[in-house]
Structures are given as structure tokens and as C-alpha cells.
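Notes for the structure review
What follows is the residue order along each chain.
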Amino acid sequence: MKHILIADDKPGSREFLRTVLEYSGYQVTEAADGQEVIEQASNDIDLFLLDLQMPRLDGFGVVRLLREKPEFANVPIVALTASAMQGDRERALAAGFSAYIVKPVSLPILRAELARLTGEQA
């Protein structure tokens, strides 16, 4: 069972993602902000889903800190954002994110990205 850490400062967003991911067979850990992601990051995390705008440490800060650690250099990290602007996708991918998903999250897109990044069936 793949383990996904989801980070979003909005409890409703975390609850939605947790429900979808657990229903799809993933183990889920939640974080309310970027600092919690860094504190909870462990070698058993197979993928990170990070909101870009979070208190204490935003998604860009988290991806930078995770990518500096050899154990997370190749772990997929997906950016989630509700405020998508032109050029944001490119900026996120250049910063080290593996994928970029706009909120509200489309379930087919989410499932397809997770399958692509984890090598599992959608």
C-alpha cells in the first residue's frame, strides 16, 4: 500500500483528499502546514501532495527543503493550488515539483497523476 502525505491548511480540503485517497487504497498522513510536512516526512512516504499556499512554510519552501535531502530527491511531490496563474505550472515544475494540479481537484486527473507517479493502476 502506497503512503501519501497530504498538506493543506484547509481541513475540508484535507478531508476530501483523505477520503478519496483512502477509498483508492492509499495510506494517508495529513499535515496542516509546510512545517508539519517537514516534521512528518519519513522514508515510508511514497508521494507528497502539497498545497502551495500554507502558513509557516509554503509548498515552494517545502519542496526546496525536501529536495535537498537525498532520501526525497526522487520521491514524487505534487503541487496543488486554487490560485493558478499563467506560468505557475512551469514555475512549480522548475522548483522541483513532479506534477501540478489545479483546485478544485478533478478526480480523474488526480487518479491519473497518482498512477503515473506511483506506477500503480488508476
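Residues numbered from 1 in each chain as written. Predicted model: local features only at pLDDT ≥ 70, side-chain atom pairs only at ≥ 80, totals over all residues. Heavy atoms only, no water.

Per the stated rule, a full pass over the model turns up 8 salt bridges. For Arg116, the salt bridge is made with Glu113, and the minimal N-O distance between the two is 2.7 Å. With a gap of 3 residues between them, Arg116 and Glu113 both fall in helix 5 (residues 107-118), about one helical turn apart. Judged by its relative accessible area of 52%, Arg116 is exposed. Overlapping salt bridges bring together Arg14, Arg18, Glu22 and Glu30 as one network. (Salt bridge = Lys/Arg side-chain N within 4 Å of Asp/Glu carboxyl O. Helix = DSSP H or I, 4+ residues; strand = E, 2+ residues; numbered from the N terminus. Buried < 20%, exposed > 50% of the residue type's maximum accessible area, 1.4 Å probe, protein only.)

This part covers the pairing of strand 2 (residues 27-31). In the case of a regular strand, side chains alternate between the two sheet surfaces. Where strand 1 (residues 3-7) lies against strand 2, 5 bridges are found, and the strand directions are parallel. Within strand 2, the residue paired with His3 across the bridge is Gln27. Handedness of the crossover joining strand 1 and strand 2 through helix 1 (residues 11-23): right-handed. (Pairing = 2+ DSSP bridges. Right-handed = clockwise from strand over helix to strand, strands pointing away.)

Moving on to the sheet that holds strand 2. On the basis of which strands lie adjacent, the open sheet formed by 5 strands has the order 2-1-3-4-5 and parallel pairing. Edge positions in the open sheet fall to strand 2 and strand 5 (99-102), since each of these has one partner strand only. For this sheet, the mean angle separating the axes of adjacent strands, direction not counted, is 20°. Sitting on the sheet, helix 1 is in contact with strand 1, strand 2, strand 3 (47-51) and strand 4 (77-81), with an inclination near 170° to strand 2. Across the sheet, helix 3 (residues 59-67) lies against strand 3 and strand 4, angled at about 155° from strand 3, the strand it touches most. (Axes fitted to C-alpha atoms, helices over the stretch in contact; angles between N-to-C directions. Contact = heavy atoms within 4.5 Å.)

To describe a pair of aromatic rings, one takes the distance between the centres and the angle between the planes. Per the counting criterion, the structure on display carries 2 aromatic pairs. An angle of 80° between the planes, with centres 5.7 Å apart, marks the rings of Phe48 and Phe72 as edge-to-face. Here Phe48, found in strand 3, pairs with Phe72, found in the loop between helix 3 and strand 4; they are 24 residues apart in sequence, far enough to count as distant. For Phe48, a relative accessible area of 0% gives the class buried. Here the aromatic rings of Phe60 and Phe97 are separated by 5.8 Å at their centres, their planes lie at 90°, and the arrangement is edge-to-face. Of the two residues, Phe60 is situated in helix 3 and Phe97 in the loop between helix 4 (88-95) and strand 5; the sequence distance between them amounts to 37 residues. What makes Phe97 buried here is its relative accessible area of 4%. Its end group placed over the ring of Phe60, Arg91 keeps NZ or CZ at 4.1 Å from the ring centre. (Phe/Tyr/Trp six-rings, centres within 6.5 Å; stacked < 30°, edge-to-face > 60°. Lys NZ or Arg CZ within 6 Å of the ring centre and 35° of its normal.)

A separate point is the nonpolar core. Of all hydrophobic cores here, the largest spans 23 residues; its most connected members are Val37, Phe48, Leu50, Val62, Leu66 and Phe97. Among the secondary structure elements, those contributing two or more residues to this core are strand 1, helix 2 (34-40), strand 3, helix 3 and strand 4. Of the residues forming this core, the biggest block, 4 residues, is contributed by helix 3. Val62 has contacts with Gly34, Val37, Ile38, Leu50, Met54 and Leu57, leaving out every residue within four places of it along the chain. Within the second largest apolar cluster, 17 residues are counted, among which are Val28, Ala99, Val105 and Leu117. (Core = buried A, V, L, I, M, F, W, Y, C linked by side-chain atoms within 4.5 Å.)

Take it as geometry only, folks, not as evidence of what the structure does.
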